[in-house]
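Single-letter residue listing:
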Amino acid sequence: MSEKSLSLADLAALVEGEIVGDGGVMITGFAPLETAERGDISFLVKAGLADSLAAFKGSAVIVPMAVEEAPVPLIRVKDPYLASASIHTLLLKKIFLAKGVHERAWVGKDTSIPQEITIAPLASVGERVKLGERVTIESGVVVGDDVEIGDDTILKANVTVGDGCIIGKKVILHSGTVIGSDGYGYATDSRGFHVKRPQVGIVRIDDDVEIGANCCVDRAAYGVTWIKSGTKIDNLVQVGHNVVVGENSLIVAQVGIAGSTILGRNVVLGGQVGLAGHIELGNGVMVAAQSGVHNDQKDGARIGGSPAIPIKQFVRAATQFGKLAEMGRDLKKVKKAVAELTSQERQIVPGEKND
Amino acid sequence: MSEKSLSLADLAALVEGEIVGDGGVMITGFAPLETAERGDISFLVKAGLADSLAAFKGSAVIVPMAVEEAPVPLIRVKDPYLASASIHTLLLKKIFLAKGVHERAWVGKDTSIPQEITIAPLASVGERVKLGERVTIESGVVVGDDVEIGDDTILKANVTVGDGCIIGKKVILHSGTVIGSDGYGYATDSRGFHVKRPQVGIVRIDDDVEIGANCCVDRAAYGVTWIKSGTKIDNLVQVGHNVVVGENSLIVAQVGIAGSTILGRNVVLGGQVGLAGHIELGNGVMVAAQSGVHNDQKDGARIGGSPAIPIKQFVRAATQFGKLAEMGRDLKKVKKAVAELTSQERQIVPGEKND
Amino acid sequence: MSEKSLSLADLAALVEGEIVGDGGVMITGFAPLETAERGDISFLVKAGLADSLAAFKGSAVIVPMAVEEAPVPLIRVKDPYLASASIHTLLLKKIFLAKGVHERAWVGKDTSIPQEITIAPLASVGERVKLGERVTIESGVVVGDDVEIGDDTILKANVTVGDGCIIGKKVILHSGTVIGSDGYGYATDSRGFHVKRPQVGIVRIDDDVEIGANCCVDRAAYGVTWIKSGTKIDNLVQVGHNVVVGENSLIVAQVGIAGSTILGRNVVLGGQVGLAGHIELGNGVMVAAQSGVHNDQKDGARIGGSPAIPIKQFVRAATQFGKLAEMGRDLKKVKKAVAELTSQERQIVPGEKND
């Protein structure tokens, strides 16, 4: 797919790696070990599997420091998984090809078009929108009025961004995701009717955030719902109004975060986790998949279960859970035996009081 | 945001509140206590925080009856949270601005266009659609054939409404929501192949319903899937075929309701709840977040857990859950101790039978 | 809805059924027992309810073999539920009506248009796309570049199919579903920043697959994410990168499958189930709703709970769960009683050692 050609030495420099073999070998692509062909670079995570390199058909391999030599040119690094991500990205990187505003796209008045932009057929951009350089807006995208979008951001097909929302630079929003839908807020009257509370805030998404497909990030009731820089969100995630997600957090698929909850930086939420509203999770909190969190959590807490408890305690309890029916039976038997023993005791222990 | 200007007395009348201070003060906006400026009205829920009004910079505050005076004009009401929703809504209310059918929208044949309507660029409306007055259809919306949409309803960007569905008045459907996708119904043959059961019913959504972003409401196999008036649904909710949701229910994000299940009115389902198919929940049933319900529930039942049990019982059990490993250990020890006691007992209790 | 007219004898032949009564009666529609009118065929699943046929107003009924006669013409079959699906489908089947490419649709260059096709207004099809015969692409659909779509496949409104994905024949993708969004893959550096791993694979969907509304199927990191033939997926389901779902599986709403997990054929996943990544479920595995699966599962395993255990064990444990608080109290009492007994024992048992 890549049209680039870079020397192994250039790639090694990018990741501060050490070359073994010919640094002048030219690399044009990236592939897994098994399918690599001439010109491809691959990566090996486990040093113990280095023997497999004998059958390798590509041109070079990124390996951990523990691998010292092999029948192919190597880049030795501390973290081959990380280095391979950087190298693959570089190999794929293309100069932005501005296609301009397609005649079948719609752009509202007072939206200024930057020099380099791609707005695809059947995309719709509202009025007074501020578009950064090298923004890509695919088909079916709807951008509301008064939105701001930073440089190099990509809105994939069928994304919706509501009025007034602010999207940073190098953000990727995947297809079907909705930014800036109304928060879920009602006041219930004495007859049980729900009166809608106007949702007049916005969503702010900072630089380098990636949000998966078919997610929802609701606009704040007032103020902002805020996804801070570097955070990566998987598909089908729900972020309620006035939520703040700290920098570089990871939120796996189908998580739901209720309104006004605050997450620190580098928080990790496993798939299908639910967070109650109005709670605070400190920096580096990790929550196991399918857990439900109802309380504030300190920095670095590792929790699991619904309601969530410390993860070690959860794992032990969950392991025991399967024996619960057996425990119930045992407990009954023991109760009975103790009752019998106690009554016999009373008969034989001298001076026991009758209660 | 508001261009309106209303006297404090007018607003008090709307919510049957009691004015303290100058009823003639003019209100033009609504803001939280901390950010209110001149012309803004705010609200205070807890009387105990009334001292904070000394620093208030807005023009008036909605307060609970327990607050009798303050350094700013007041509206005293029973429920400030509710009253503020009504007042904020009134201040934001605009006269419907009909933009007509945009030349870049598509409208099928035999769809009659009412006097006042907005159909945005790149929206698509099918054939024989009946559109109410003051309907708003945003960009990217797709309305199928033979759909009916009531007055004052809003379809946000990228909503889909399938053929034949009926949407009431003052309904709001948020972006990405799909009304009238096929229900999930198959008959499996002896070889394990699944034969699709045609889904020939519709979805009916009554007046004043609001449905969040990226929800799915499946059409009935036959007949209707029915969301009754006043019900409010959050984002990413799944409503299966032939489900009936009663009036004024609240369904929080990521809930799933399986086919043919019937909900009464004013039911509340917490986030990520799952309801099995073919069950019935009475009026006012409340289900805690992440619960799974497999059985019919009586009016007013409060339940939690998966499978769900009465909420108090669930909370007690869930609290105990964390001690399960410890309980297991204790039980083992007790069993051992009892076994020892029993064997000793046998040695010392006269006349004990050997079994 | 049907314009067809078929004899009862023709319908019986389709499902290898046995006619009781007049095989020449003409059938034009399908309806439930209660609402059937003249010309309609209905079905009855439970022989015990055959008495209800006395009030039947339609023209014929599909019944189980146990029903031998009735006041209406019958088709007797082994499985009326299955037979009715086939008959209803036949009655609804229409000749494909090719509407061609609408002038308001967009089709990229080098995409060849087959003889019979429907591409609706405001649909967008990329470059070099291969379209089968009788494909339907509804409004709001976005098909990327280099996509392949097989004969008779339907993409409902607002579906997105990413570049390079391969969709088989007779596939149905419901509205809002996203095929080929990027997989969720990052490498984290020493400062906690997440470096995106390029996702350069595709999604392959085989013949006769149906996928519900607002689902996400991520493209592979390398290679393919693969949904095999005959599998039926409900709404709001997440399928991670490099997942393989075997033939004729059933995946109910809101399931999440993490990356690289492999499912056999005829697997059944209940609603809101979560599967961890990199595990393997054998053929015919059944997972109860809301369960979480972290380990490989053998062919035919039936499991439930989070983490999942054998279903019978789960049901027993879950039943006991509600008594957990009571068990805790009982265990405490028993512990106390045993402690007392033990200390008394020490006093009365001769020769007991002090430990």
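It should be noted that the structure appears before, not after, this text.
Residues numbered from 1 in each chain as written. Chains lettered and ligands numbered in written order. Predicted model: local features only at pLDDT ≥ 70, side-chain atom pairs only at ≥ 80, totals over all residues.

Student: Can you break down the overall build of chain A residue by residue, with the values?
Tutor: Broken down by element type, chain A carries four helices and 39 strands. For 355 residues, the compact-globule formula gives about 20 Å, and the C-alpha radius of gyration of chain A, at 29 Å, lies well above that figure. In terms of principal-axis extent, the alpha carbons of chain A reach across some 100 × 70 × 30 Å. Considering chain A as a whole, with its 355 residues, one finds that 56% of them fall into the buried category. Long-range contacts, defined as pairs at least 24 residues apart, comprise 20% of the intrachain contacts of chain A with a sequence gap of at least 6. (Helix = DSSP H or I, 4+ residues; strand = E, 2+ residues; numbered from the N terminus. Rg over C-alpha atoms; globule rule 2.2 N^0.38 Å. Buried ≥ 20, exposed ≤ 12 C-beta atoms within 10 Å, placed from the backbone. Contact = placed C-beta atoms within 7 Å.)

Student: Tell me about the nonpolar core, and name the residues and values.
Tutor: If you look at the biggest cluster of nonpolar residues, it comprises 251 residues, and the most contacted ones within it are A:Ile119, A:Ile137, B:Ile119, B:Ile137, C:Ile119 and C:Ile137. Contact partners of A:Ile137, with chain neighbours within four places excluded, come to A:Thr118, A:Ile119, A:Ala120, A:Ala123, A:Val125, A:Val143 and A:Leu155. (Core = buried A, V, L, I, M, F, W, Y, C linked by C-beta atoms within 7 Å.)

Student: Would you mind going over the interface of chain B and chain A in detail, with residue names and values included?
Tutor: Size of an interface: often given as the accessible area lost when the parts come together. If you look at the interface, chain B gives 54 residues, while chain A gives 51 residues. Put simply, the parts of the chain that give the side of chain B that touches chain A at least two residues each are α2 (80–92), α3 (311–321) and α4 (324–348) of chain B. Within the side of chain B that touches chain A, the residues separate by chemical class into 25 nonpolar, 22 polar and seven charged. (Nonpolar A, V, L, I, M, F, W, Y, C, P; charged D, E, K, R; others polar.)

Student: With reference to specific residues and values, describe the relation of the copies chain B and chain A.
Tutor: Mapping chain B onto chain A calls for a rotation angle of 120° and an axial translation of 0.0 Å; the resulting RMSD is 0.1 Å. The two molecules are tied by a three-fold rotation axis, judged by turn and shift. (Least-squares fit on C-alpha atoms with pLDDT ≥ 70 in both.)

Student: Lay out the interface of chain B and chain C in plain terms, naming residues and giving numbers.
Tutor: Residue-level contacts link 51 residues of chain B with 53 residues of chain C. For the side of chain B that touches chain C, the elements supplying multiple residues, two or more each, are β20 (178–181), β21 (186–188), β22 (194–196), α3 and α4 of chain B. Here the residues of the side of chain B that touches chain C sort into 26 nonpolar, 18 polar and seven charged.

Student: I'd like a rundown of the sheet that holds strand β35 (residues 280–281) of chain C, residues and numbers included.
Tutor: All names here are of chain C. Strand order in the open sheet formed by eight strands is β12-β15-β18-β23-β26-β29-β32-β35, with parallel pairing between adjacent strands. The open sheet has two edge strands, β12 (130–131) and β35, and neither has a second partner. Here two bridges tie strand β15 (residues 148–149) to strand β18 (residues 166–167), and the two strands are oriented parallel to one another. For glutamate 148, the partnering residue across the bridge sits in β18 and is isoleucine 166. (Pairing = 2+ DSSP bridges.)

Student: If you had to explain unusual backbone geometry to someone new, which residues and values would you point to?
Tutor: The residue after B:Ser306, namely B:Pro307, is reached through a cis peptide bond having omega 5°. Note that B:Pro307 resides in the loop between β38 (302–304) and β39 (309–310). You will see that C:Gln254, though not glycine, has its phi angle at about 65°, which is positive. Turning to its location among the elements, C:Gln254 is positioned in the loop between β30 (250–251) and β31 (256–257).

Student: Can you lay out the environment of A:Val135 for me, pointing to particular residues and giving the numbers?
Tutor: Residue and element names in this part refer to chain A. Residue placement: valine 135 occurs in strand β13 (residues 135–137). Linking valine 135 and leucine 341, residues 206 residues apart in sequence, is a C-alpha distance of 80 Å. Non-local contacts of valine 135, meaning those with residues more than four positions away in its chain, are made with Ile117, Ile149 and Thr153.

Student: How would you sum up the environment of C:Ala50? Please name residues and give values.
Tutor: All names here are of chain C. Mapped onto the fold, alanine 50 is located in the loop between β5 (40–43) and β6 (60–64). Looking at alanine 50, the number of C-beta atoms within 10 Å reads 18, which means it is partly exposed. Ignoring anything within four residues of it in the chain, the contact list for alanine 50 reads Leu44, Val63, Val67 and Ala70.

Student: How would you summarise the sheet that holds β5(C) if you had to cite specific residues and measurements?
Tutor: All names here are of chain C. Spatial ordering of the open sheet is given by β2-β7-β6-β5-β4, a layout of five strands whose pairing is mixed. Bordering the open sheet on either side are β2 (18–20) and β4 (29–30), each of which pairs with just one other strand. In this structure, β2 lies alongside strand β7 (residues 74–77), joined through three bridges in antiparallel fashion. By the bridge assignment for β7, isoleucine 19 is matched with isoleucine 75. Sheet strands in contact with helix α2 (residues 80–92) are β4, β5, β6 and β7, and its direction is about 150° off that of β6. (Axes fitted to C-alpha atoms, helices over the stretch in contact; angles between N-to-C directions.)

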